[in-house]
Every structure is written in structure tokens, then in C-alpha cells.
Amino acid sequence: MHLDLSELPQLAPIFRELFKGYHVSRRDPELYAQLSNFQDQYRALFKALGFELVCDTRGFYYFVPDTATAQVNKTAQRLALFTFIIVEHLADQGRDPIAVLDGGSLGRDELPALLDKYRDLFVQAEVTTHEELEEKIMRRMTQLGFASEEPGIYRFLPPMHRFLDVCLSVQQDRDLAASLHSILPLPTPVLIDDDAEPADEDEDAALARAIAAEQQEMDA
């Protein structure tokens, strides 16, 4: 494919934002329009440079990290954990988590109570104070394009679907496991005595024997 760099005037800012892990969405109208209009060209160029550009049909672009650094991993873990917490928190309140995380908002005044409620989980992410919650999670979410900060609230942006997908996948796995467990319970140990049927008795023979026993009981 022939690339005409004159058609890509936003190449530098687009690459700079994507390279640092930012997710370009409609909130960035110039960059988003440029990527949408010349998607194939940008994808080919970035591929030649060793980067994979992903276009999510829900309205955002990002780079697939090749070799994630420890810091990026830690940030991703914190944001994923926060998403799990938010989903559970909203569900407990009777609010639709997907509706909130898909363009909805969370009040800043909700954060202290959220931290207290899930302190044990936040400690695992090295977040122990309200200031650390703002700095290590909320600010990083805005820096990476997952949310925007508005007066008194944080508004979630389409890239949040990346973490929502993970949450929904885990929940589906849990639901499936619970369903299978209820349908196919673990076998109950049975003590074998002298009157038990032979171990190699097939299903038809066992059924016939059960019917015969029931008939004998009715006759009696």
C-alpha cells in the first residue's frame, strides 16, 4: 500500500497518544476522525513500525502492547480491579453497572465510601487512602482515555468496554460453573454391601432390576 504522509497530518499526536497507552475515542474529535478516515493507512504504517492498531467497533482505538512493562501491568491490574469493584458496588445499589460504565458517571463524593467498603481489595492494589485512589486509579483512567473528569464527577468513556468485557467474561464463567454444579452435582459416595448390584451391571439391567423391585413392593 502506498502511503501519502500528507494525508496523515495528525500522525505525530496520534502516535504519541497511542504509544503512551491512551485510547482515542470520539472525545478526541480530530484524532478520532483522522483515524476513522484513514484507518487502513494508519494500521499499515503502525504495523511496519511494530505496533498493532486496534479499532474497536464501539468507538475507540488503541495499541495492543507488545511487551508490557511492570508499571503498565500494575496500572492495568488496578483499573481492572476498580472495574470489578464498581460493577459490584453499583449492582448492590440497584443501579445498572453497564449503563453507568457505558457513558454514565460516578460522583467524586462516592469515592470515600467506596474505599471504605472495599478496603481489603484496594489494599491489594496498594491503594489505602482517598488521595491514592484519586491519584493511582481515577487520574490514570483519565490519562489513558477511559474516563473524563468533570465538575464533581468522573464520566466513563467507550474504552471502558475493555475492562467491562473482562468482568462479563469472568461472571459468565462463574455462572456457567454454578449452573453445571447444580445440574451435575458431585456423586455421593455409596457404601457397598453384599446386597448391592454388581459393579459391571449396565443401565438396562439396573433399570429392569429397579422395576422388578418396585413391582414386588406393589404386589406385597
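See the structure printed just above.
About the criteria used
- Residues numbered from 1 in each chain as written.
- Predicted model: local features only at pLDDT ≥ 70, side-chain atom pairs only at ≥ 80, totals over all residues.
- Heavy atoms only, no water.
- Salt bridge = Lys/Arg side-chain N within 4 Å of Asp/Glu carboxyl O.
- Helix = DSSP H or I, 4+ residues; strand = E, 2+ residues; numbered from the N terminus.
- Buried < 20%, exposed > 50% of the residue type's maximum accessible area, 1.4 Å probe, protein only.
- Phe/Tyr/Trp six-rings, centres within 6.5 Å; stacked < 30°, edge-to-face > 60°.
- Lys NZ or Arg CZ within 6 Å of the ring centre and 35° of its normal.
- Pairing = 2+ DSSP bridges.
- Contact = heavy atoms within 4.5 Å.
- Axes fitted to C-alpha atoms, helices over the stretch in contact; angles between N-to-C directions.
- Polar contact = N/O pair within 3.5 Å; in protein donor to acceptor, adjacent residues only side chain to side chain.

A. A look at the pattern of salt bridges. Considering all chains together, one arrives at 13 salt bridges under this definition. Across the pair Arg58 and Asp56 runs a salt bridge whose closest N-O atoms are separated by 2.9 Å. Salt-bridge contacts for Arg108 lead to Glu149; the nearest nitrogen and oxygen are separated by 3.0 Å. On the criterion of sequence distance, the pair formed by Arg108 in the loop between strand S4 (105–107) and helix H6 (111–117) and Glu149 in strand S5 (residues 147–150) is long-range, its members being 41 residues apart. With a relative accessible area of 32%, Arg108 lands in the partly exposed category.

B. Region of interest: the packing of aromatic side chains. Overall, the coordinates contain 11 aromatic pairs when judged by the stated rule. Ring geometry for Tyr32 versus Tyr61: centroids 5.7 Å apart, planes at 65 degrees, classification edge-to-face. Separated by 29 residues along the polypeptide, Tyr32 in helix H2 (residues 29–37) and Tyr61 in strand S3 (residues 60–64) bring together distant segments of the chain. Here Tyr32 matches Tyr61 in class, with each residue buried. Ring pairing ties together the aromatic residues Phe15, Phe19, Tyr42, Phe46, Phe51 and Phe63, which thus form one cluster. Geometry around Tyr62 places Arg162 over its ring, the cationic atom sitting 3.8 Å from the centre.

C. Molecular detail of unusual backbone geometry. A positive phi angle, near 60 degrees, is found at Glu126, a position not held by glycine. Note that Glu126 resides in the loop between helix H7 (119–124) and helix H8 (130–143). A relative accessible area of 41% places Glu126 in the partly exposed class.

D. Structural detail: the sheet that holds strand S2 (residues 52–56). Strands sit in the order S1-S3-S2 across an open sheet of three strands; the sheet is antiparallel. The open sheet has two free edges, formed respectively by strand S1 (24–25) and S2, since each of these has just one partner strand. Here S2 pairs with S3 via five bridges, running antiparallel. Within S3, the residue paired with Val54 across the bridge is Tyr62. Contacts from helix H3 (residues 39–48) reach S2 and S3 within the one sheet, and its direction differs from that of S2 by about 150 degrees.

E. Representation of the pairing of S3. In terms of burial, S3 is a largely internal element, four of the five residues being buried. Both S1 and S3 contribute to a ladder of two bridges, which runs antiparallel. Note that in S3 the partner of Val24 across the bridge is Tyr61. As consecutive antiparallel partners, S2 and S3 are separated by three residues, and within that stretch Gly59 has a phi angle of approximately 105 degrees, a positive value.

F. Region of interest: the side chain of Arg78. For Arg78, the position within the fold is in helix H4 (residues 70–92). Side-chain polar atoms of Arg78 contact the backbone oxygen of Ala125, separated by 2.8 Å. Separated by 3.2 Å, the side chains of Arg78 and Glu126 make a polar contact. The residues contacting Arg78, other than those within four sequence positions of it, are Ala125, Glu126, Lys136 and Ile137.

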